[in-house]
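Structure at a glance
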Amino acid sequence: MTHDIDGFDSEKLIGDFLNDFSISDKLDKPVAVAKDENLGKITLDDYDEVESSDETDDKIKILQELTREIENKTTIDYQSHYDIELPKFKIDYRKELNPNQYYAVTTIDKPLLVIAGAGSGKTRTIVYRVGYLLENDVDPARILLLTFTRKSAAEMINRTVQLLGNNQAERITGGTFHSFANYALRKYANVIGVQAKFSIIDTIDAQDIIALIRDELIKKRDRAFPKKKRLQEIISKAKNCVLSIEQIIEREFTGLIDFQKEIELIATTYDKYKQANFLLDYDDLLEVMATALKTNARFKKLLQNAFQYVMVDEYQDTNIYQKEIVEAIAEKHRRIMVVGDDSQSIYSFRGANFENILQFPASFPDGNVVKIEQNYRSNQKILDFTNSIISNAKLGYRKVLFSETIARQHPAFKKFYDQESEATFIVDKILESREQNIPLSEMAVLVRAAFHSSFIQAELLKRSIPYVVVGGIRFTERRHIRDMISFLRIIVNAYDAAAWHRILKLLPGIGDVSARQIIQEIRQHDGELVIDKFSSKRYYDVLVELRKSLLRASEPDVSVTSKIEILREYYSPILKLIEDDYENRNLDIDVLHSLSGQYDDLGKFLSDFALDPPSNQFQDSATLLITEDEEKPVTISTIHSSKGLEWHTVFLPHLIDGLFPSSRALKSVQDMEEERRLFYVASTRAKEKLYLSMPSYFSSWDKVFTKPSRFLVEIDPKFLEIL
């Protein structure tokens, strides 16, 4: 169906679009249900049971017993510790911290697991602990601070600098696990026997290499073979979870069992390809690091002596390799503090192991478990609601968050006939809140899956309310940026076959076969682009120009920014031929050029770019209808992307069982528990107001969902107002 946009009628266009593309309108709407499924009338007995096994049940019992034992034996008299007089420091730690935070900050001679509830001042606790270490004359070079984003580490170090009023904290080794592994593997390459000039490939590079291997090895296909993205996901998940390809397929990709042997072959070849070309992907960085710490006593001793105080943020999100790295380094001095919240462990799809935080006390039995439960974000009525959510969890440390902020309004729930009505209500509330001087930027709609926000986006668009959808194509994933990075990678590692393959295929007349022949010639000439053999080929002239540009850019006295200028001069005419919006894409290369100005070393620039890409300011977020006065927009985000953020008012729509929790979670107790933690994370983003809602039905291609989320049914009714 096509639409005439002359005489623009936004409301009609939106309505036509939804009619064209909405599944629900093409299926029969339910006329009646056999049972009253309104919240308050339905019980947990009305829901399908979650599948489990004897093995899973036994494992849950073991972990439950483990956490009970830990909590029963761990009793800390926070107040007595709080009352002990400290030497006179620049910072008045007792004045600045509550008793539980104070204990975590000032207990530096034993292992600590700090369970920091949502909004409880986790970052503040880490910052003040760093300050306390430095005020106790600990050499900052002996402190290791591991986080999950470089931004987090930089923020903590900067806050410590401001706190102490000096630059001591800048000498701390702080960063992500991946950046630390990159640093350690390069610094001690001779000790552990790795090539110091390895290149780091990101997820997209990995997918491209896997596609190359797949197309070479799997020639005959009786039916559709898995795509490169799925293959990379399987290989990465197997490595992160320390499982075989067979185990990961049986556990999570049962529909691909028929392809198991081929996928195993691709995975093996992928590993050998990386080794032959001195490449490491993100997973390799952690695996190689953890393996070296286990097998190389000298390497382990060097790191243990280098870092006598270890701190880890967001420990609930660590995988097995990250756990092993931390434990190996801290094993000798045992001055380790890990901070996290088991109730916010929501990244198992990335390989995070929920059990790490539960088992930390078993790894360090001489340590203590500290709970920080005073919340500085949400009011007490929201905390009563979220405490009720997590009290139903099968696993985890017991905690009850509390706040000194009193509120009049409970979290509110409302059920609507359809998605359109739900969207109308949410947008009405957004406008009502704005009239009460709550900025749009202090409001967020958080969804389990991106498509849950479709009708809400349409309603916001219809009323010209500015909003931003968190996501979009990342700066580092744009083809022209990846092309430029590939040129630079070749300068650092002339054996980087993946980068060569990408660049050569940009050139007229060069396809897969020719690219492979040229790369073989490069390998035979120790990484040099020798082109005499191809003098009779029609692409010879473009190879000559490529060789000239690479040689110019490779000169040791050429700065990083100048290298990019040289390569851009070569690449721009190519870009103009292959992309009609090349002028806009050149603006992105301007950004790359600007970023490179901060670096004197190309290898460092490429490592940082791969491990911690430029921030969202360079992303194509889907920002719609920003008004002329540029009022900051409402946020629409998936819950996974909202972790660590907060808003005055939060809306949680589409709370239908089958959507949230996802119907897939019914197949696994672990998955269902993670869905509950996801609901907890979403609810704890709200500071003052929390609205929960659902349409009366949702039609998918094979079924109709009508029940409210079981997580709502579990909650003590006194903590939820039904509108």
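1. Focus: the overall build of the chain
- A tally of regular secondary structure across the chain gives 30 helices and 18 strands.
- The contacts of the chain with a sequence gap of at least 6 include a subset with a gap of at least 24, amounting to 77%.
- Of the accessible surface of the chain, which amounts to about 33,900 Å², a share of 48% is contributed by carbon and sulfur atoms.

2. What to know about the packing of aromatic side chains
- Scanning the entire structure with this criterion turns up 26 aromatic pairs.
- Geometrically, the ring pair formed by Y93 and Y128 is edge-to-face, given 6.2 Å between the ring centres and 80° between the ring planes. Of the two residues, Y93 sits in helix α4 (residues 93-96) while Y128 sits in helix α6 (residues 122-135), which places them 35 residues apart along the sequence. Take Y93 and Y128: they sit in the same class, and that class is buried.
- Plain terms: the ring middles of F660 and F679 are 5.7 Å apart, the flat faces sit at 80° to each other, and that makes the pair edge-to-face. Linking F660 in the loop between β14 (647-652) and α29 (669-683) with F679 in helix α29, this pair joins segments that are 19 residues apart in sequence.

3. Observations regarding the pattern of salt bridges
- The full count for this structure, using the stated rule, is 52 salt bridges.
- Note that E65 is salt-bridged to R68, the shortest N-O span being 3.0 Å. Here R68 and E65 lie together in helix α2 (residues 54-73), a separation of three residues that amounts to about one turn.
- Classification of R68 as partly exposed rests on a relative accessible area of 37%.
- Measuring nitrogen to oxygen at the nearest pair gives 2.7 Å for the salt bridge that ties D284 to K274. In this pair, D284 sits in helix α14 (residues 282-295) while K274 sits in helix α13 (residues 260-276), placing the two residues 10 residues apart along the sequence.
- Three or more residues joined by partner-sharing salt bridges are found here, namely K239, D271, K274, D281, D284 and E287.

4. What to know about the packing of helix α5 (residues 99-106) against α6
- Across the interface, α5 lies against α6 with an axial gap of 8 Å and an inter-helix angle of 45°. Taken as axis vectors, α5 and α6 run oblique relative to one another. The element α5 and its partner α6 pack so that their crossing is right-handed. Within the contact between the two elements, α5 uses Q101, A104, V105 and T106 and α6 uses T125, Y128, R129 and Y132.
- Across the contact of α5 with α6, the residue classes break down as four nonpolar, three polar and one charged.

5. Topic: the packing of helix α12 (residues 245-252) against α13
- Across the interface, α12 lies against α13 with an axial gap of 10 Å and an inter-helix angle of 130°. With respect to each other, α12 and α13 are oriented oblique. Handedness of the α12/α13 crossing: right-handed. Contact residues: I245, E246 and I249 in α12; Q260, I263, E264 and A267 in α13.
- For the contact of α12 with α13, the per-class residue count stands at four nonpolar, one polar and two charged.

6. Description of the environment of I636
- Topologically, I636 is positioned in strand β13 (residues 634-638).
- Setting aside residues up to four positions removed in sequence, I636 forms contacts with V445, S453, Q457, L460, Y467, V468, V469 and V470.

7. So, the side chain of R448
- Positionally, R448 belongs in the loop between β10 (443-447) and α20 (454-462).
- Owing to a relative accessible area of 19%, R448 belongs among the buried residues under this scheme.
- Among the polar contacts listed, one links the side chain of R448 to the side chain of E675, at a separation of 2.7 Å.
- The contacts of R448, once residues within four sequence positions are left out, are I639, H640, L659, F660, E675 and L678.

8. Quick word on the sheet that holds strand β8 (residues 368-372)
- Pairing is parallel across the open sheet formed by six strands, whose spatial order is β3-β2-β6-β7-β1-β8. Two strands close off the open sheet at either side, each with one partner strand: β3 (173-176) and β8. Strand after strand, the sheet turns through a mean of 15° between neighbouring axes, direction not considered.
- In this structure, strand β1 (residues 112-116) lies alongside β8, joined through five bridges in parallel fashion. Looking across to β8, one finds that L113 is bridged to V369.
- Contacts from helix α16 (residues 320-330) reach β2 (143-147), β6 (309-312) and β7 (336-340) within the one sheet, and its direction differs from that of β6 by about 160°.
- Set on the sheet, helix α17 (residues 355-363) makes contact with β1, β7 and β8; between it and β1 the angle comes to about 150°.

Reading the values: the criteria
- Residues numbered from 1 in each chain as written.
- Predicted model: local features only at pLDDT ≥ 70, side-chain atom pairs only at ≥ 80, totals over all residues.
- Heavy atoms only, no water.
- Helix = DSSP H or I, 4+ residues; strand = E, 2+ residues; numbered from the N terminus.
- Contact = heavy atoms within 4.5 Å.
- Areas by Shrake-Rupley, 256 points an atom, 1.4 Å probe, with all protein chains shown as cover.
- Phe/Tyr/Trp six-rings, centres within 6.5 Å; stacked < 30°, edge-to-face > 60°.
- Buried < 20%, exposed > 50% of the residue type's maximum accessible area, 1.4 Å probe, protein only.
- Salt bridge = Lys/Arg side-chain N within 4 Å of Asp/Glu carboxyl O.
- Axes fitted to C-alpha atoms, helices over the stretch in contact; angles between N-to-C directions.
- Parallel < 35°, antiparallel > 145°, perpendicular 65-115°, else oblique.
- Left-handed = near helix turned anticlockwise from the far one by under 90°.
- Nonpolar A, V, L, I, M, F, W, Y, C, P; charged D, E, K, R; others polar.
- Polar contact = N/O pair within 3.5 Å; in protein donor to acceptor, adjacent residues only side chain to side chain.
- Pairing = 2+ DSSP bridges.

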